[in-house]
Number of protein chains: 2
Amino acid sequence: MSAPLEINPYVKNIQQLQSQKLARRSEQIQEDIRRGSITSFKEVIDVSSGNPHSGGLRPLTFVRQVLAACFYPELLDSDGLKADVKQRAEKLLKTCVGGSVGCYTNTAGIPEVIHGITEFISRRDGGVPCDPQNIFISSGSQWCLSNILKVLVNTKSSLPCAVLSPVPCYPTTLMSLRAQGGLHVPYRLTEEGGWVLKGAELQRALQSAQGVSNPVALYVVNPGNPAGLVQSRASIQEVIRFVYENRLFLLADEVYQDCVYGENSCFVSYKQVLMEMGPPYSHSVELASFHSASKGVIGECGLRGGYVELVNVDQAVMDYIYKMFSLDSCASVSGQMVLDLMTNPPQPGEPSYPLYCQEKEEIRRTLVHNALKATEAMNLLLGFSCQPVEGGAFMFPRVDLPQRAIQRAQEAELPADMFYCMRLLEEAGLMVIPGCDYQQEEGTYHIRICIMVHEEVLDELLRRLRTFHNKFMKEFS
Amino acid sequence: MSAPLEINPYVKNIQQLQSQKLARRSEQIQEDIRRGSITSFKEVIDVSSGNPHSGGLRPLTFVRQVLAACFYPELLDSDGLKADVKQRAEKLLKTCVGGSVGCYTNTAGIPEVIHGITEFISRRDGGVPCDPQNIFISSGSQWCLSNILKVLVNTKSSLPCAVLSPVPCYPTTLMSLRAQGGLHVPYRLTEEGGWVLKGAELQRALQSAQGVSNPVALYVVNPGNPAGLVQSRASIQEVIRFVYENRLFLLADEVYQDCVYGENSCFVSYKQVLMEMGPPYSHSVELASFHSASKGVIGECGLRGGYVELVNVDQAVMDYIYKMFSLDSCASVSGQMVLDLMTNPPQPGEPSYPLYCQEKEEIRRTLVHNALKATEAMNLLLGFSCQPVEGGAFMFPRVDLPQRAIQRAQEAELPADMFYCMRLLEEAGLMVIPGCDYQQEEGTYHIRICIMVHEEVLDELLRRLRTFHNKFMKEFS
Ligand SMILES: Cc1ncc(COP(=O)(O)O)c(C=O)c1O
Ligand SMILES: Cc1ncc(COP(=O)(O)O)c(C=O)c1O
């Protein structure tokens, strides 16, 4: 048939991730454990992605109770649920067409849920107003981002459209960009000192694009993934001035805004800083800010709820964005509802408030504890160096691999950190992702580990990592 | 800023639907009803889309109970749920990473859910085997279809890639196609005799594309939307021979497979017919078949669960399709679970079986009743002619509008059936979609009405339509 020869070259262009190979190998290993042919560990610890409930963190009771009642409203007649749970479920059901979570909603989302999100954003940003017309909900924030990229990347322009993106970078965004026919212009975060974003490096990156591509946007991830930086107000201002001067659309991936635990760090949104800066910035910088129910203490990745807020975007462009979203009808209603619950949690005085706070605090404490403990433990390993983690869900330690390991990896036609990760998976049942998937700087090696896990899981994973690493270093030195 | 000038021209190219204008007008009218400034009707009856629960059909109890228990597993300890509900919820939770619906799943979906879908397909198709590797689940079948189109449409090919698609056609597919830079080559369904698909018309359409575009695929909707045809085996065979001879990828939108109520019609899948035809067809025709939890008696549009089964697709292409799906992590877990419940319902002997059958039968009876009643009633209206509806969720009657109405519409710069629909909405509070949104044949006018509604809703909508229509015809004749 002719199709195989004809398919979209941009889709062909999407890079192959090493993590997919690891995932396949992990499935085989799990099968071997079930069959009894692997006995040296009882299960694979998978900290390759930010999937809090898989690492033993528990969903928030209030969230799950409300959702259960929305799915099966007969529960509203039972005694098992607190009054505020019932009220919230009733309120949410009233916002659904036909009173059912089984109905399509408006393209951008349920108006009342959007309204709740705008209130959350205003509160978060010290009162800066937020227009409901600027919010689009979709099944996950990544989907929002893809849709915006589709609008921004023009494959008919004389030079290929490009997006300035960090190195190291969350790979899915780069894959979406390539699938759209866009180019990635890398700017480096400086590892030393905590993966900071430097203005001069943005300038260098932009210049490197000159004549080769047409840069249309800048992508930032704050708090970071894979590197756990949390940008300061000053750093955000610098980025905003840069995009203003160079007329770039600003894509701010802020899905980890709820995950900040550096002692002196706090999350400030790009929107807030932009508005504080006043004109001309506040009136003209085009900003898309993404948030998600996948991350943070709520951790509901599987429900697929994310949104984008657009700022200063021309009405004509907004209309195109609307069209792109309309191609998929609407986001899953459970995803929309979980966004409502995330942005408008129980309040003091309500019956669910105490348990909600307790559960939330426990998760926060775990994150702070894990970030410190993991950094300390890894910095003790020979060849490891790990910047302090201020936020996000991940550690991204650098691993200086012995020359002999690098050689062996070359023989196996694997990037050296992939070689390390594959051995770690096979020998210790620990699944982490190699830095090569994040476009790390040439000649350096890293691994990415999710630390959004139960403390006991962290202990076990550190134990496995230590034992494996020492053995590995011995073998190859 | 520069972005507005630079945006993706394919996105700009997505056609504007009249139904969006109607939806906005409907919101204003609902606001007026709340304010008391409209009193001639108490609410807008919205039968513009296939949203069964909004039309008063009820979700299936078994489905909602299992989902509630998956969201809030503490319910498994309560007495309120039947044993098979608990067993199913427990089984589904075990398939989730970390035992939580809050975790990302595999890109293509939860393996056990996929396995259940393959069993359903095999049963449906008289035992034809189905390979789990060929199934991809996503948040709605429309999303699957967009992903496949992205792979098939190559904007770098010398002639624009085109997909042969029916007239009238479900517009979202055409919008997705345009957003990808693809062209629509229309083939006409013959209204007289029930919107049949004729082989000669496919030939004509293909020839019309010669030299202008590069046809890569054929899109069929069976059972139809907006026209409620159900294809016979012979008609399907004809289509398969056509795509085989012309090396087209076959996109079979079969989301209404559960909605068949013509006396002599029954649903036969493209896959089954393809396999029955044997070689060379069965080994070489590339087929993508789409199904969804949105339609049929389950009617769970809001949960966003759909899948595609791919047949005879080259492994290299399958790898690209996998990459496209991986850009969005995974489908919402509630969408995946509802697919599991749809494809594997309660069985005889299980405690939920009797109620499940009763609820399902009631919905089926309603559909059969509605299709007959609405056809009869509309055929009595002056100027209306309505083909018998054999399946799907919609009627698509033709309306011969008086010349003066057509003139008035021209003055208002509206397609004449849009003019009619706007008046119907404003004067009778009834929201239906004009045929112009479906690329109907030039010079004809239609309206599309969802009949997946409660019988009482149908009665009221027919009453409103009759009163309005008689008044309209008087005014303009
Ligand atoms: C930086 C970043 N953005 C976006 C996402 C995707 O989130 P969602 O589940 O909302 O699509 C992730 C998930 O890991 C992420 O790390
Ligand atoms: C023909 C057709 N295909 C696909 C869909 C979309 O279904 P889903 O909700 O699974 O995306 C619809 C919805 O109306 C439809 O009519």
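Residues numbered from 1 in each chain as written. Chains lettered and ligands numbered in written order. Predicted model: local features only at pLDDT ≥ 70, side-chain atom pairs only at ≥ 80, totals over all residues. Heavy atoms only, no water.

For chain A, the name recorded in an unreviewed UniProt entry is alanine transaminase, with Gouania willdenowi as its organism. What UniProt states about chain A under its Pathway (unreviewed entry) heading is, verbatim, "Amino-acid degradation; L-alanine degradation via transaminase pathway; pyruvate from L-alanine: step 1/1." Per UniProt, chain A carries the Subunit (unreviewed entry) text "Homodimer." (UniProt positions renumbered as here; feature names shortened; annotations may be inferred.)

We now examine the site of ligand 1. What surrounds ligand 1 is a group of 14 residues, the closest being Asn 225, Tyr 256, Ser 292 and Ser 294 of chain A together with Tyr 104 of chain B. Each of chains A and B places residues next to ligand 1. Asn 225 of chain A places a polar side-chain atom, nitrogen or oxygen, 2.6 Å from an oxygen atom of ligand 1. Separating a nitrogen atom of ligand 1 from a side-chain N or O atom of Asp 253 of chain A is a distance of 2.7 Å. Relative to its unbound accessible surface of 400 Å², ligand 1 loses 97% to contact with the protein. (Near = heavy atom within 4 Å. Polar contact = N/O pair within 3.5 Å; in protein donor to acceptor, adjacent residues only side chain to side chain. Areas by Shrake-Rupley, 256 points an atom, 1.4 Å probe, with all protein chains shown as cover.)

Time to look at helix H10 (residues 233–245) of chain B. Residues and elements named next belong to chain B. The end-to-end C-alpha separation of H10 is 18 Å, in line with the 18 Å expected for 13 residues at 1.5 Å each. Every buried residue of H10 is listed here: Ser 235, Ile 236, Val 239, Ile 240, Phe 242 and Val 243. Projected down its long axis, H10 carries its buried residues within an arc of 160 degrees, all on one side. Tucked inside the fold, the buried residues of H10 contact strand S3 (161–167), helix H9 (199–209), strand S5 (214–221), strand S6 (249–253), helix H11 (270–277) and helix H12 (281–284). One or two residues past the end of H10 sits Arg 247, with phi positive at roughly 50 degrees. (Helix = DSSP H or I, 4+ residues; strand = E, 2+ residues; numbered from the N terminus. Expected span 1.5 Å × (residues − 1). Buried < 20%, exposed > 50% of the residue type's maximum accessible area, 1.4 Å probe, protein only. Arc of directions from axis to C-beta. Contact = heavy atoms within 4.5 Å.)

Moving on to the nonpolar core. Judged by nonpolar contacts, the single largest core of 275 residues is most densely connected at Leu 251, Leu 310 and Leu 465 of chain A together with Leu 251, Leu 310 and Leu 465 of chain B. For Leu 251 of chain B, the contacting residues outside a window of four places in its chain are Leu 145, Ile 148, Leu 149, Leu 152, Val 163, Ala 217, Leu 218, Tyr 219, Val 220, Ala 288 and Phe 290 of chain B. (Core = buried A, V, L, I, M, F, W, Y, C linked by side-chain atoms within 4.5 Å.)

So, on to the sheet that holds strand S7 (residues 287–292) of chain A. All names here are of chain A. Taking strand neighbours across the sheet as the criterion, the seven strands line up as S2-S8-S7-S6-S5-S3-S4 in an open arrangement whose pairing is mixed. Of all the strands in the sheet, just strand S2 (135–138) and strand S4 (183–188) have a single pairing partner and so form its edges. Between one strand axis and the next, the sheet turns by 25 degrees as a mean value, whatever way the strands run. When strand S6 (residues 249–253) meets S7, the two strands line up parallel, connected through four bridges. Across the sheet, residue Ala 252 finds its bridge partner in S7, namely Ser 289. Helix H9 (residues 199–209) rests against strand S3 (161–167), S4 and strand S5 (214–221) of the sheet, and its axis sits at about 150 degrees to S4. Against the sheet, helix H11 (residues 270–277) engages S5, S6, S7 and strand S8 (306–311), with an angle of about 15 degrees to S8. (Pairing = 2+ DSSP bridges. Axes fitted to C-alpha atoms, helices over the stretch in contact; angles between N-to-C directions.)

Moving on to the interface of chain A and chain B. The partner chain B presents 86 residues to the 86 residues of chain A that form the contact. With its nearest N and O atoms 3.8 Å apart, the salt bridge here joins Glu 74 of chain B to Arg 58 of chain A. Our count for the chain A to chain B interface comes out at 31 residue pairs in polar contact (both at pLDDT 80 or more). Residue assignment for the side of chain A that touches chain B shows that the elements contributing at least two residues are helix H1 (3–6), helix H2 (9–12), helix H3 (18–35), helix H4 (61–71), helix H7 (141–152), helix H8 (171–179), helix H13 (315–326) and helix H14 (333–343) of chain A. Broken down by element, the residue count for the side of chain A that touches chain B peaks at seven residues, all from H4 of chain A. Residue composition of the side of chain A that touches chain B, grouped by class: 37 nonpolar, 33 polar and 16 charged. (Salt bridge = Lys/Arg side-chain N within 4 Å of Asp/Glu carboxyl O. Nonpolar A, V, L, I, M, F, W, Y, C, P; charged D, E, K, R; others polar.)

Pairs of packed helices are described in terms of their axes, by the angle between the two and the distance that separates them. Residue and element names in this part refer to chain B. Closest axis-to-axis distance for the helix H7 (residues 141–152)/helix H13 (residues 315–326) pair is 9 Å, and the angle between their directions is 130 degrees. Considering their axes alone, H7 and H13 lie oblique with respect to each other. For H7 against H13, the interelement crossing comes out right-handed. Together, Cys 144, Asn 147, Ile 148, Lys 150 and Val 151 of H7 and Val 317, Tyr 320, Ile 321, Met 324 and Phe 325 of H13 make up the contact between the two elements. Grouping the constituent residues of the contact of H7 with H13 by class yields eight nonpolar, one polar and one charged. (Parallel < 35°, antiparallel > 145°, perpendicular 65-115°, else oblique. Left-handed = near helix turned anticlockwise from the far one by under 90°.)

Let's shift gears to the sheet that holds strand S10 (residues 394–395) of chain B. All names here are of chain B. Spatially, three strands are ordered S10-S14-S13 in an open sheet, and the strand pairing comes out antiparallel. Every other strand in the sheet has two partners, leaving S10 and strand S13 (433–434) as the edge strands with one partner each. Inspection of the sheet shows S13 paired to strand S14 (residues 447–450) by two bridges, in the antiparallel sense. Residue pairing for S14: Ile 433 is matched across the bridge by Arg 448.

Next up on the list: the pairing of S5 of chain A. Side-chain positions along a regular strand alternate between the two faces of the sheet. Residues and elements named next belong to chain A. With six of eight residues buried, S5 is to be regarded as a mostly interior element. For S3 and S5, the ladder comprises four bridges, and the chain directions are parallel. Its bridge partner lying in S5, Cys 161 is registered against Asn 214. Each parallel crossover has a hand, and for S5 linked through helix H10 (residues 233–245) to S6 it is right-handed. (Right-handed = clockwise from strand over helix to strand, strands pointing away.)

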